[in-house]
Amino acid sequence: MSESPDKQAVWLQRAFDEHRRELHVHCYRLAGNVTDADDLVQETFLRAWRARDRFEGRASARTWFYRIATNVFLDSRKAAGHRTVQYGDPLEWSTELVPIQTPCWPTIRRPVSPPGRPSSWP
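Because the structure is a prediction, the values reported are computed rather than measured.

Calculation notes
Residues numbered from 1 in each chain as written. Predicted model: local features only at pLDDT ≥ 70, side-chain atom pairs only at ≥ 80, totals over all residues. Heavy atoms only, no water. Phe/Tyr/Trp six-rings, centres within 6.5 Å; stacked < 30°, edge-to-face > 60°. Helix = DSSP H or I, 4+ residues; strand = E, 2+ residues; numbered from the N terminus. Lys NZ or Arg CZ within 6 Å of the ring centre and 35° of its normal.

1. As for the packing of aromatic side chains
Next up, step 1: Counted according to the given criterion, the structure contains seven aromatic pairs.
Next up, step 2: Here F45 and W49 contribute two aromatic rings whose centre-to-centre distance is 6.3 Å and whose plane-to-plane angle is 35 degrees, an arrangement assigned as tilted. With F45 and W49 both in helix α2 (residues 34–50), this residue pair falls four residues apart, about one helical turn.
Next up, step 3: Taken together, the aromatic side chains of W11, F16, F45, W49, F55, W64 and F65 make up a single cluster linked through ring pairs.
Next up, step 4: Its guanidinium or amino end placed over the ring of W49, R52 lies 3.9 Å from that ring's centre, counting from NZ or CZ.
Next up, step 5: Residue placement shows R62 over the ring face of Y66; its charged tip is 4.5 Å from the ring centre.

The structure is reproduced here in structure tokens:
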């Protein structure tokens, strides 16, 4: 787009206001929850704002926003994959907890009756 910066800013704001609702639905479908969708929409607008002078008008604003939103989502998933989160039993990886000690008292074992014998069999 070869317009002045003020016209680009006004155009971008109008285009974003026009497509905000459907863009939010698109982000919700990608992320699966409203909070992450809100974050994706906000990041989409920021990236579009930073790249507003590079929009050439070959595609519609809607297509441009969707492309940016999809890339924002993919980048967020890629970044989440780089963060390691400990999972499993906390006793296996936590240094704050002490290991469970084996009891010092003897284990009481009950006799098991053989098959076909009554349970009262000694």
